[in-house]
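Okay, here's what each chain looks like letter by letter:
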Amino acid sequence: MAISKKQLPLELTAGILLFFVALPLNIGVAIASGVSPEQGIISGLIGAVVAGSLSGCGILVSGPDAGIGVLLLEMLTKHGIASIGALVTIAGLIQLAIGLSKTSHWFRMVSPAVVNGMLAGMGLLIICTQFHIMLDDSPKDTGLANLIAIPYAIKNGLLVSEMNAHHIAALLGAVTITIACLWKRIPHKAFRFAPPALIAILAASLATFFLNLPVQKVSLPDTLNVTFLSSNFNNFAKPFLDPQIWMSASILALVLSAQTTITLNAIESLSTIKRGYKLDREFIAQGTGNLLCGVVGALPVVGVLLRSVTNLQSGAQTKIPNILHGVLMLVAIIAFPKLLEYMPTAALAAVLVYIGFNMTQQIWQRTKPFMKEEKIIMLLTVVAIMVTNLFTGIIIGLCMAAAKELYQLTHLSIKIHQVHEGVAILQLAGAATFLHLPRLVSALEEWEESQELHVRLDRVTYIDHGCLQTLVEWEAKHKGKFFIDWENAQTLPGQNIFNTGEWATPSKSMEYSK
């Protein structure tokens, strides 16, 4: 699309701002994932330039994500650090296959409760894990263990009388997260153009430099360490023969695809310009990016909500900021790598804690309108993730969502309401199958024949021959007292079973039953 002279400065400014937001986060996510910082930078570069160029949504910004980093860390702990290339490559191939086969719409079918539970669980894992790193402490094995250990970590890291390198790092992390939280509350809009995470990291880096603080900093190699998997065919091919790798990569592809779909929906709802997008094309773009990331052994990329919203709020409308911030990232790590090494790891962990908190808070606000059953599934998914791990928690959440749908598809509610003296209503709701015949007959037998009973079928989603025949037999046996509300049932989709044969003739229907 043509860019006006008025719009071009906004696009360039948005690209520069994205660079300052994304670069430290790429490094932080890499460290949190247990890999080297350059792998996060390369991933951000591929997400910006490759996936950004192929995407049909100019606002969407792809790159490594803190939540995905938690999942990847679990997989690398299980399969070994050498498996990162195979995991990301397979995930990219799966995404490509989904996009090319035009089946991405199936990802809209994933239970929102499980997806939001997964994202909330990721947010809590980020908070609990990175909180210990922020205080210069070692994280525990599970999210629950990290959560329980937080008070102890605070006591050892902050509540001390003597200061050493460990306590200085903890204090620096606490100050960083405080700056990020306070920056949002600055009343003057002129100062709020810069994201809180960026300001917090800059402040911590400047303090580390000028005060010469003895804390651990980001370590970058003199040259980018890009190791192509194809350079060693045996190491490249071996993980592809492991079924466990394929299982983990499939879960990774599922999570990446679900999160990208959520991000696209979110920025589409926030944007005032509704251009629409093709989900298949986005899966192809993401899949291509992840395929390339896997080949060079980098982190997987995904549509990141924080960066995409930053891009949108900066006034961007095209792909220019996306590609520009990737190019600037490459220039920075080639020309000014030493400047990046002043970033303290405690500050990066603090920013990730801040992001995790905001992520969890946003999900809580978004899920307030959810029904009670959906909230229960989401909560149980979060608990499962915290108690076990992200992979197992997602599987448990999917199983619970499937069990809930199975229950709703097979459940039948049977209630008798007394309308007034001499008249009652038998309300059926759900799927009336032969499995519920004993309950249905028991309810009918409790009916007092001295009063009229009107059977309401307007909430019945399905009725099989056995239940239908039972109702018809009771109607024939108790003529003048037992009435089936055929008329309302016939107006429902899928209830055309009532339109054939001897059951097509409506019986008497009271006014209140219409």
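Residues numbered from 1 in each chain as written. Predicted model: local features only at pLDDT ≥ 70, side-chain atom pairs only at ≥ 80, totals over all residues. Heavy atoms only, no water.

Peer 1: So what exactly am I meant to see when it comes to the overall build of the protein here?
Peer 2: Helices and strands together make up the secondary structure of the protein, namely 20 helices and six strands. Within the protein, contacts between residues at least 6 apart in sequence are counted, and of these 78% link residues at least 24 apart. With an accessible surface of roughly 24300 Å², the protein has 65% of that area assigned to carbon and sulfur atoms. (Helix = DSSP H or I, 4+ residues; strand = E, 2+ residues; numbered from the N terminus. Contact = heavy atoms within 4.5 Å. Areas by Shrake-Rupley, 256 points an atom, 1.4 Å probe, with all protein chains shown as cover.)

Peer 1: Can you help me understand the pattern of salt bridges in this one?
Peer 2: Should the charged atoms of two oppositely charged side chains come close, the side chains can pair. Under the counting rule described, the total for this entry stands at four salt bridges. The partner of lysine 404 in a salt bridge is glutamate 405, and the shortest N-O contact between them spans 3.5 Å. Under the relative-accessibility criterion, lysine 404 is labelled buried at 13%. In this structure glutamate 405 comes out as partly exposed when scored by relative accessible area, which is 38%. A salt bridge links arginine 456 to aspartate 485, with the nearest nitrogen and oxygen atoms 3.2 Å apart. Remark: aspartate 485 occurs in the loop between β6 (482-484) and α20 (486-490) and arginine 456 occurs in strand β5 (residues 452-463); sequence separation between them is 29 residues. This pair shows no difference in class: arginine 456 is buried, exactly as aspartate 485 is. (Salt bridge = Lys/Arg side-chain N within 4 Å of Asp/Glu carboxyl O. Buried < 20%, exposed > 50% of the residue type's maximum accessible area, 1.4 Å probe, protein only.)

Peer 1: Teacher, can you tell me more about the sheet that holds β5 here?
Peer 2: Sheet strands pair by backbone hydrogen bonding; their relative direction is either parallel or antiparallel. An order of β3-β4-β5-β6 is seen for the four strands of this open sheet, with the pairing classed as mixed. The open sheet has two edge strands with one neighbour each: β3 (412-420) and β6. The sheet shows a mean angle of 20° between the axes of neighbouring strands, taken without regard to direction. In terms of strand pairing, β5 meets β6 through three bridges, oriented parallel. By the bridge assignment, histidine 454 is partnered in β6 with phenylalanine 483. Helix α18 (residues 437-445) contacts β3, β4 (423-432), β5 and β6 of the sheet and is inclined by roughly 15° relative to β3. (Pairing = 2+ DSSP bridges. Axes fitted to C-alpha atoms, helices over the stretch in contact; angles between N-to-C directions.)

Peer 1: Any chance you could explain the nonpolar core here in plain terms?
Peer 2: Within soluble globular proteins, side chains that are nonpolar generally end up buried alongside one another. In terms of nonpolar packing, the biggest core is built from 90 residues, with Leu119, Met122, Val255 and Leu390 touching the most fellow members. Once residues lying within four places of it in the same chain are set aside, the contact partners of leucine 390 are Gly67, Val70, Leu71, Glu74, Met118, Met122, Leu125 and Ile385. One finds Leu428, Trp447, Val472 and Trp486 within the second-largest nonpolar core, a separate group that totals 23 residues. (Core = buried A, V, L, I, M, F, W, Y, C linked by side-chain atoms within 4.5 Å.)

Peer 1: Can you help me understand a nonpolar patch on the surface in this one?
Peer 2: On the surface, a cluster of nonpolar side chains totalling about 930 Å² of accessible area is made up of Leu206, Phe209, Phe210, Leu211, Val327, Val331, Phe336, Leu339 and Tyr342. Contributing elements (two or more residues each) for the nonpolar patch: α8 (196-210) and α13 (320-335). By the secondary structure assignment, phenylalanine 336 is in the loop between α13 and α14 (337-340). (Patch = residues over 30% accessible without salt bridge, like charges linked within 9 Å, V, L, I, M, F, W, Y side chains within 5 Å.)

Peer 1: Any chance you could explain unusual backbone geometry here in plain terms?
Peer 2: With glycine set apart, most residues show a phi of negative sign, and most peptide bonds adopt trans. With a phi close to 55°, lysine 102 is a non-glycine residue in the positive phi region. Mapped onto the elements, lysine 102 comes out in the loop between α4 (84-100) and α5 (112-134). Taking the relative accessible area as the measure of exposure, lysine 102 reaches 56% and is therefore exposed. We note that asparagine 212 has phi near 50°; this positive angle belongs to a residue other than glycine. Mapped onto the secondary structure, asparagine 212 falls in the loop between α8 and α9 (233-237).

Peer 1: Looking at this structure, how should I read the pairing of β5?
Peer 2: Sheet faces and side chains relate simply in a regular strand, where the side chains alternate between the two faces. Taken together, the nine bridges between β4 and β5 define a ladder with parallel strand orientation. Note that in β5 the partner of alanine 429 across the bridge is arginine 459. For the handedness criterion, the β-α-β arrangement of β4, α18 and β5 is classed as right-handed. (Right-handed = clockwise from strand over helix to strand, strands pointing away.)

Functional significance is not addressed by these values, which are geometric in nature.
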